[in-house]
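# Survey of secondary and tertiary structure
Take a look at the letters that make up each chain.
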Amino acid sequence: KAEGEGYQLPLSFDRWLELNFRRPFKNVLGSLDYDHIVGLYESLLGPDAVSVIPYEWMAQDLPRFCNHFADALGVSAGPFLALAEGHWENAALTPTAFDQLAEQASRGGNALTGEPSAPRSGEAPVPAQMSERWATAISERFAPGNARLAARRNLPLRDFGYALP
C-alpha cells in the first residue's frame, strides 16, 4: 500500500465516497444529479429539444424504449428495435464475427488486433461495498432533484427505484 497526500491507498469505497462528496460536481457523483444535467441541456437548447429516456425503459420494455428514442430523433422505430434485438444488415460484421470480438474482449486485450492486454497486478480487485451511511447520504442528496425531474418530465422514477422524498 502506498501513502499519498494524507490518505492511504488503495482507498476504501467509503473513503472514496467521502472525498468525492466534498466536490460532487467535479467527479462521478455529479453525473448522478440528473435533474441538474437535464436542466443544463434544457437551458441551453430549450425544453422541447431535450428528451429524457430512462435506461429502465430499455431494460423493462425494449419496444417502448425504441419508440421513445426514435420519436426523439424523428425517425422510424423499426430499425432501432431490430438493432436492439440483435438484427442488422451489415455484412462486414456478422453475428459470428461480433461474437468473436466479444470473446476476445472478455479475455482482455484489444478485440480488433488480438493483442493481449498489459499484465495486471497479481492482486484481486476488492469488491466495493457501500455503507448504510453513504447510501442514505446519496439518497438524501439526489432525492429532491429526482422528484423535480420526475414531475417536470412526467417520469415514473419512483417505480424504477430512484430515491424521492
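Provided above is the structure to which this section pertains.
Here the structure is a predicted model, which is why all the values come from computation and not from measurement.

Our focus in this paragraph is the side chain of D35. With respect to the helices, strands and loops of the structure, D35 is situated in helix α2 (residues 34-45). A polar atom in the side chain of D35 sits 2.9 Å from the side chain of R148. Once you skip the residues sitting within four places of it in the chain, D35 turns out to touch G145, R148, L149 and R152.

Under the counting rule described, the total for this entry stands at two aromatic pairs. Between Y34 and Y162, the aromatic rings sit 6.1 Å apart at their centres with planes inclined by 70°, giving edge-to-face as the arrangement. Here Y34 is found in helix α2, whereas its partner Y162 is found in the segment after α7 (132-153), with 128 residues between them in sequence. Pairing F65 with F69 gives two aromatic rings, centres 6.0 Å apart and planes at 15°, and the pair type is stacked. Residue F65 and its partner F69 are located together in helix α4 (residues 62-73), separated by four residues, close to a single helical turn. Given a relative accessible area of 16%, F65 falls into the buried group. Exposure remark for F69: the relative accessible area of 33% places this residue in the partly exposed category.

We now examine the packing of helix α1 (residues 13-21) against α7. The N-to-C vectors of α1 and α7 enclose an angle of 30°; their axes lie 11 Å apart at closest approach. The angle between the axes of α1 and α7 places the two elements in the roughly parallel class. For the pair α1 and α7, the crossing hand works out as left-handed. Along the contact surface, α1 presents D14, L17, E18 and F21, while α7 presents W134, A137, I138 and R141. Partitioned by chemical class, the residues of the contact of α1 with α7 number five nonpolar, no polar and three charged.

What follows covers the side chain of D33. In this structure, D33 sits in the loop between α1 and α2. Residues within four places of D33 in sequence aside, it is in contact with F25, R141 and F142.

Here is what the cut-offs are and how they apply
Residues numbered from 1 in each chain as written. Predicted model: local features only at pLDDT ≥ 70, side-chain atom pairs only at ≥ 80, totals over all residues. Heavy atoms only, no water. Helix = DSSP H or I, 4+ residues; strand = E, 2+ residues; numbered from the N terminus. Polar contact = N/O pair within 3.5 Å; in protein donor to acceptor, adjacent residues only side chain to side chain. Contact = heavy atoms within 4.5 Å. Phe/Tyr/Trp six-rings, centres within 6.5 Å; stacked < 30°, edge-to-face > 60°. Buried < 20%, exposed > 50% of the residue type's maximum accessible area, 1.4 Å probe, protein only. Axes fitted to C-alpha atoms, helices over the stretch in contact; angles between N-to-C directions. Parallel < 35°, antiparallel > 145°, perpendicular 65-115°, else oblique. Left-handed = near helix turned anticlockwise from the far one by under 90°. Nonpolar A, V, L, I, M, F, W, Y, C, P; charged D, E, K, R; others polar.

All we've got here are geometric facts, nothing functional implied.
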